[in-house]
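Residue-level structure breakdown
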Amino acid sequence: MRSLIDPNPDRTERLDPLMKNARAVPVSLKREIFKRDNAQCSFVSDDAVRCTEKHHLEFDHIILFGIGGKTTKNNLRLLCSGHNKHICEITFGAWQRN
């Protein structure tokens, strides 16, 4: 079986088709998304204000990976940890601590 980890980072674009069905985001794709999203959270509020957070950024699948969302440029975005949690709570409900 061919490994999905390539020791030569210059060849990662050849691995991208294999990674489309994997949850992990290849480094080359991470770079594209950071550039596209201006290394900033991409969350936009209901009143059209974009979050300005540039720290604690996480990659988020817009169409959830668990329901078939692919690891592609068009299905990934940067969210700060707070907005990623917010989206999860909207989608799955608030976590109940006992």
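Every value quoted in this text rests on a predicted model; they were computed, and no experiment measured them.

1. Some points on the pairing of strand β2 (residues 76-80)
Two faces, one strand: in a regular strand the side chains alternate between the faces of the sheet. In terms of burial, β2 is a largely internal element, four of the five residues being buried. Two elements, strand β1 (residues 57-61) and β2, share five bridges in a ladder whose sense is antiparallel. Bridge assignment links L57 to a residue of β2, and that residue is C80.

2. Points about the pattern of salt bridges
Tallied over the entire structure, the rule returns four salt bridges. With its nearest N and O atoms 2.7 Å apart, the salt bridge here joins D60 to R77. Taken as a pair, D60 in strand β1 and R77 in strand β2 lie far apart in primary sequence, 17 residues in all. Judged by relative accessible area, which is 21%, R77 ranks as partly exposed. Linking E89 and K85 is a salt bridge whose minimum nitrogen-to-oxygen distance equals 4.0 Å. In this pair, E89 and K85 both sit in helix α3 (residues 81-92), four residues apart, roughly one turn of the helix. Note on E89: relative accessible area 33%, which makes it partly exposed.

3. Structural notes on α3
A rise of 1.5 Å per residue sets the reference length of α3, with its twelve residues, at 16 Å; its end C-alpha atoms lie 16 Å apart and thus fit the reference within 8%. What α3 keeps buried is the set H83, N84 and I87. One side of α3 holds all its buried residues, which, seen down the axis, span an arc of 105 degrees. Residues of α3 that are exposed and point more than 90 degrees away from the buried face comprise K85 and F92. In this structure, the buried residues of α3 make contact with β1 and β2.

4. Re helix α2 (residues 27-36)
S28, L29 and I33 are the residues of α2 that are buried. End-on, the buried residues of α2 take up no more than an arc of 135 degrees, which puts them together on one face. In α2, those exposed residues whose orientation departs by more than 90 degrees from the buried face are R31 and K35. One or two positions beyond α2, positive phi appears at N38, with a value near 60 degrees.

5. Some remarks on the confidence of the model for the protein
Here the protein averages 83 in pLDDT, while 74% of its residues score no lower than 70. The spread of mean pLDDT over the elements of the protein runs between helix α1 (residues 12-19), the lowest at 50, and β2, the highest at 98.

6. What to know about the side chain of D60
Classification of D60 as buried rests on a relative accessible area of 9%. Looking at D60, its side chain comes within polar contact range of the side chain of R77, at 2.7 Å. Excluding residues that lie within four positions of it along the chain, D60 makes contacts with N75, L76, R77, L79 and N84.

Analysis parameters
- Residues numbered from 1 in each chain as written.
- Predicted model: local features only at pLDDT ≥ 70, side-chain atom pairs only at ≥ 80, totals over all residues.
- Heavy atoms only, no water.
- Buried < 20%, exposed > 50% of the residue type's maximum accessible area, 1.4 Å probe, protein only.
- Helix = DSSP H or I, 4+ residues; strand = E, 2+ residues; numbered from the N terminus.
- Pairing = 2+ DSSP bridges.
- Salt bridge = Lys/Arg side-chain N within 4 Å of Asp/Glu carboxyl O.
- Expected span 1.5 Å × (residues − 1).
- Arc of directions from axis to C-beta.
- Contact = heavy atoms within 4.5 Å.
- pLDDT = per-residue confidence, 0-100.
- Polar contact = N/O pair within 3.5 Å; in protein donor to acceptor, adjacent residues only side chain to side chain.

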